Amino acid sequence: AQSVAQPEDQVNVAEGNPLTVKCTYSVSGNPYLFWYVQYPNRGLQFLLKYITGDNLVKGSYGFEAEFNKSQTSFHLKKPSALVSDSALYFCAVRDKPPGGSQGNLIFGKGTKLSVKP
Amino acid sequence: EAGVAQSPRYKIIEKRQSVAFWCNPISGHATLYWYQQILGQGPKLLIQFQNNGVVDDSQLPKDRFSAERLKGVDSTLKIQPAKLEDSAVYLCASRTHQGSKGNTIYFGEGSWLTVV
C-alpha cells in the first residue's frame with residue numbers, strides 16, 4: 001500500500017533563512033507525489049507535484065521540492081522563508097488502486113511550519 | 001476559474017442530530033472526492049465519485065454517512081446520526097481528467113463540523 005511519512009511535527013525557521021520540510025514515501029511502481037499547504041481555517045492549496053521528468057520541481061510561492069528515488073524522499077524547500085509561509089504542510093502520494101482506475105491522495109500527518117521574524 | 005465551492009463553512013450540532021454538506025466542484029471536473037480531516041491529522045478519503053458513479057466508498061462509515069452526486073455535478077454528504085468523533089473538517093475536492101492539470105486534485109475551503 002502507498003504511504004507517506006512526515007517525520008517532523010513542527011519546523012521552526014527564522015525569516016530569511018532556507019527551509020526544508022521532509023517527506024518520505026513508500027509506493028509500488030513510479031510515485032506521483034504532491035505538496036499542499038493549509039493556512040488556519042482554510043482548505044488545502046496545491047503547491048507542486050512530481051509526476052515524471054526533472055527531479056527538482058518548482059511550485060507556487062517560491063517553493064520547490066526535490067524527488068530522490070534512491071532515498072524515497074520528496075522534501076519541500078524554499079531558499080528564503082517568509083513569516084507568511086507559516087502554515088501546515090502536507091505531503092501526499094497518489095494511490096494506485098487495482099484495476100487501473102485513478103486513485104485518490106494518501107496524505108502524511110502534516111508538518112507545522114513556523115517562521116519567526 | 002472558480003474553485004471548489006462548499007457550504008456551510010461552519011456547523012455546530014448536538015450528537016445524534018443530522019447534518020448535510022454541499023459541494024460544487026470546479027466546472028468540468030469529472031471526479032469528486034470527500035475527505036475527512038480530524039484535528040492534527042492528514043485528510044482521509046471518505047468517498048470518490050466519477051461523474052455520478054461511486055468509485056471508492058470503502059472508508060465511508062455507511063451506517064451513518066451517505067453521499068450522492070445524482071447529476072454528476074454537485075454533491076451532498078450527510079451524517080445521521082452524528083457522533084462526537086465526527087467533529088472534523090469535511091473537505092470536498094475535484095479533478096479533471098484532461099491536460100496537464102489532470103493529475104492534480106483541487107480542494108475547497110472545507111466545512112468545519114463540531115458535534116457537542
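Quick notes on the rules
- Residues numbered from 1 in each chain as written.
- Chains lettered and ligands numbered in written order.
- Predicted model: local features only at pLDDT ≥ 70, side-chain atom pairs only at ≥ 80, totals over all residues.
- Heavy atoms only, no water.
- Contact = heavy atoms within 4.5 Å.
- Buried area = accessible area lost by both parts, 1.4 Å probe.
- Salt bridge = Lys/Arg side-chain N within 4 Å of Asp/Glu carboxyl O.
- Polar contact = N/O pair within 3.5 Å; in protein donor to acceptor, adjacent residues only side chain to side chain.
- Helix = DSSP H or I, 4+ residues; strand = E, 2+ residues; numbered from the N terminus.
- Nonpolar A, V, L, I, M, F, W, Y, C, P; charged D, E, K, R; others polar.
- Pairing = 2+ DSSP bridges.
- Axes fitted to C-alpha atoms, helices over the stretch in contact; angles between N-to-C directions.

### Considering the interface of chain B and chain A
Reports often express the size of an interface as the amount of accessible area lost when the parts come together.
Then, in step 1: Taken together, the contact between chain B and chain A spans 26 residues of the former and 21 residues of the latter.
Then, in step 2: Of the roughly 1,700 Å² buried between chain B and chain A on both sides combined, carbon and sulfur atoms contribute 49%.
Then, in step 3: Per-residue buried area on chain B facing chain A is highest for Asn103, Phe107 and Glu109 of chain B; these three make up 28% of the total on that side.
Then, in step 4: With its nearest N and O atoms 2.4 Å apart, the salt bridge here joins Glu109 of chain B to Arg42 of chain A.
Then, in step 5: Across the contact surface, chain B and chain A share seven residue pairs in polar contact (both at pLDDT 80 or more).
Then, in step 6: With three residues, strand β4 (residues 31–37) of chain B is the largest single contributor of residues to the side of chain B that touches chain A.
Then, in step 7: Residues that form the side of chain B that touches chain A fall into these classes: ten nonpolar, eleven polar and five charged.

### Details of the sheet that holds strand β1 (residues 5–7) of chain B
Within a sheet, neighbouring strands are paired by backbone hydrogen bonds and run either parallel or antiparallel to one another.
All names here are of chain B.
Then, in step 1: Taking strand neighbours across the sheet as the criterion, the four strands line up as β1-β3-β8-β7 in an open arrangement whose pairing is antiparallel. Strands at the two margins of the open sheet, each flanked by one partner only, are β1 and β7 (65–68). The average undirected angle you get between the axes of adjacent strands in this sheet is 15 degrees.

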